[in-house]
Amino acid sequence: MASTDNGRPDPRSSGGLAKARAALDALRSHAGFWLKALSQPNIDLTLRTQAGQRTRIIESPGVSLPKAELDALVEQLRIVAAKTLPEESLTYGIFSGEPERLSRAVVTLISDEESGRPIAFNALSVMAVPLDGEPAAVTHLGLVMVDPDVRGQGLSWVLYGLTALVLFARDGLRPKWISNVTQVPAVVGMVSDTFSDVYPSPLPGARQSFAHLQLARGIMAKHRAVFGVGEEAGFDEARSVITNAYTGGSDALKKTFDIAPKHRNAIYNEFCERELDYARGDDVLQLGRIDLAGARRYIMSEVPGGSLPALLAASAMLALQRLVLPVVYWLDDSRAFGTLRPRKQDSEAIR
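Residues numbered from 1 in each chain as written. Predicted model: local features only at pLDDT ≥ 70, side-chain atom pairs only at ≥ 80, totals over all residues. Heavy atoms only, no water.

### A closer look at the overall build of the chain
Scanning the chain from N- to C-terminus turns up ten helices and ten strands. By residue count, 46% of the 351 residues in the chain fall in the buried class. If you take every contact in the chain between residues at least 6 apart in sequence, the share linking residues at least 24 apart comes to 65%. Within the structure as shown, the chain displays about 17,600 Å² of accessible surface, and the carbon and sulfur contribution to it stands at 55%. (Helix = DSSP H or I, 4+ residues; strand = E, 2+ residues; numbered from the N terminus. Buried < 20%, exposed > 50% of the residue type's maximum accessible area, 1.4 Å probe, protein only. Contact = heavy atoms within 4.5 Å. Areas by Shrake-Rupley, 256 points an atom, 1.4 Å probe, with all protein chains shown as cover.)

### Remarks on the side chain of Thr55
Here Thr55 is to be found in strand E2 (residues 53-59). Here Thr55 falls in the buried class, since its relative accessible area comes to 1%. Once residues within four sequence positions are removed from consideration, Thr55 is found in contact with Leu45, Thr46, Leu47, Thr49, Thr108, Leu109, Ile110 and Val158.

### A look at empty space enclosed by the protein
Tallied over the full model, the rule gives three cavities of 30 Å³ or more. Size it by volume and the largest cavity reaches roughly 40 Å³. What lines the largest cavity is Gly161, Ala164, Leu165, Thr194, Phe195, Ile290, Gly294, Ala295 and Tyr298. Elements that contribute at least two residues to the lining of the largest cavity include exactly helix H5 (156-170) and helix H9 (292-301). The class makeup of the residues in the lining of the largest cavity is six nonpolar, three polar and no charged. (1 Å grid on protein atoms, 1.4 Å probe; cavity = no way out; pocket = protein on both sides within 12 Å on 5 of 7 lines; lining within 4 Å. Points joined across faces, edges and corners; volume = space filled by probe spheres on them. Nonpolar A, V, L, I, M, F, W, Y, C, P; charged D, E, K, R; others polar.)

### Some thoughts on the confidence of the model for the chain
Overall, the prediction assigns the chain a mean pLDDT of 80, with 71% of residues at 70 or greater. Here residues 1-5 is a poorly scored stretch, pLDDT under 50, and it has seven contacts once near neighbours within four places are set aside; other chains count. Taken as a whole, residues 347-351 scores under 50 in pLDDT and shows eleven contacts with residues more than four places along the chain or in a different chain. (pLDDT = per-residue confidence, 0-100.)

### As for the side chain of Ser201
Tracing the backbone through its elements, the reader meets Ser201 in the loop between strand E7 (196-199) and helix H7 (210-222). Polar contacts involving the side chain of Ser201 include one to the side chain of Ser192, which spans 3.2 Å. A polar contact is formed between the side chain of Ser201 and the backbone nitrogen of Leu203, at a distance of 3.2 Å. Not counting the four nearest positions on each side in its chain, Ser201 is found in contact with Ser192, Ala206, Tyr268 and Phe271. (Polar contact = N/O pair within 3.5 Å; in protein donor to acceptor, adjacent residues only side chain to side chain.)

### So, the pairing of strand E3 (residues 105-112)
For E3, a buried count of seven out of eight residues is recorded, marking the element as mostly surrounded by other parts of the structure. Bridge count for E3 against strand E4 (residues 118-131) is seven bridges, and the pairing is antiparallel. Its bridge partner lying in E4, Ser111 is registered against Pro118. (Pairing = 2+ DSSP bridges.)

### What about the pattern of salt bridges?
Counted under the stated rule, the structure contains twelve salt bridges. Among the salt bridges present, the one from Asp236 reaches Arg239, with a minimum N-O distance of 2.9 Å. On the accessibility criterion, Asp236 (26% relative accessible area) is partly exposed. Notably, a salt bridge pairs Glu275 with Arg274, separated by 3.4 Å at the nearest N-O pair. On the accessibility criterion, Arg274 (55% relative accessible area) is exposed. Each of Lys83, Arg117, Asp147 and Asp149 takes part in a single network of salt bridges with overlapping partners. (Salt bridge = Lys/Arg side-chain N within 4 Å of Asp/Glu carboxyl O.)

### Overview of H9
An α-helix turns once per 3.6 residues; consequently, residues spaced three or four apart project the same way. By the burial criterion, the buried members of H9 are Leu292, Gly294, Ala295, Tyr298 and Ile299. Seen from one end, H9 has its buried residues packed into an arc of 165 degrees, which puts them on one side. Opposite its buried face, H9 presents the exposed residues Met300 and Ser301, each directed more than 90 degrees away. (Arc of directions from axis to C-beta.)

### So, the packing of aromatic side chains
Tallying each qualifying case throughout the model produces one aromatic pair. Taking 5.5 Å as the distance between ring centres and 70 degrees as the angle between the ring planes, the aromatic pair formed by Phe257 and Tyr278 counts as edge-to-face. A residue pair is termed long-range when its members are at least 10 positions apart, and Phe257 in the loop between strand E9 (241-243) and helix H8 (266-275) and Tyr278 in the loop between H8 and strand E10 (283-290) qualify at 21 residues. Classification of Phe257 as buried rests on a relative accessible area of 16%. Here the guanidinium or amino end of Lys262 rests over the ring plane of Phe257, the centre of that ring lying 4.5 Å away. Its end group placed over the ring of Trp177, Arg289 keeps NZ or CZ at 5.8 Å from the ring centre. (Phe/Tyr/Trp six-rings, centres within 6.5 Å; stacked < 30°, edge-to-face > 60°. Lys NZ or Arg CZ within 6 Å of the ring centre and 35° of its normal.)

### A few points about the packing of helix H6 (residues 185-194) against H8
Between H6 and H8, whose axes approach to 9 Å, the crossing angle comes to 120 degrees. The orientation of H6 with respect to H8, classified from their angle, is oblique. Here H6 and H8 pass one another in a crossing that is right-handed. Between H6, through Pro185, Val188, Gly189, Ser192 and Asp193, and H8, the contact on the second element is made entirely by Tyr268, Asn269, Phe271 and Cys272. Of the residues in the contact of H6 with H8, the class split is five nonpolar, three polar and one charged. (Axes fitted to C-alpha atoms, helices over the stretch in contact; angles between N-to-C directions. Parallel < 35°, antiparallel > 145°, perpendicular 65-115°, else oblique. Left-handed = near helix turned anticlockwise from the far one by under 90°.)

Pasting the structure below:
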């Protein structure tokens, strides 16, 4: 050990050791997180995402949690909602407390590490939607709420991308469809920048494929309750815009353009102002995919810089893309990939 002339340890050496230990602790924590995410049948993970905050991701809490724990989880979500909308109440989706609704949800809950107080959440839902005559799984990005006392603390990378990345990794890095319903320019931009093949979007090259149209029709036909849109709401298929959307229990979320959070890139703000009638209450229904390109963009642009685990994850993504992933897909004969078909067909499986 290095020492000073008086025989005491060099504080610079001690500081370096402390930083090394902290980095190793963080690496062990993230490694354990990803190993559990890849192995659990229903995800229930807790991760320290930044100083003073812990994030829990629970998949299908309606079936994976005992009733007492499920009720406690719903109460935590309602605490955040009450801080966000103190004079309103929400009754759709996860707020109903119905196990059937929560059985299709994936909840990401951020809490204060010291007090355990819930401060933000995202509630994703997995929907079965017809695509080319077969059921496809679409992960709806869901409702995000943040306690006003902690806004601006950089929580968006956790709330909007981490869980989708976990589900993507757990499914063998196969591309997954995602959907998003919003009138907030900041969220429209985040989805457009993070995920691949997103429509609608003002970015050059964005176009509506037949797959986009099929999925949008299926979502509007069977899954309006997931995002609180009533049967009387209209749908402009060409623009993928839901008209008069705030009629199915989500009324309290309706915003004017002036108060809707804006994106740093004005192209998204101008797009929403042009395409949506805020007085009527319109939303865009965005569809896209999380794939390796999208996962890499998310890690490199959204995850806070200087994070050793994030850099290692980015390196792993590149290695998988170039070397390992094609071999993994080739050897897995249980699920379809591209033109390759599984050895045993399962008519009930969702691809």
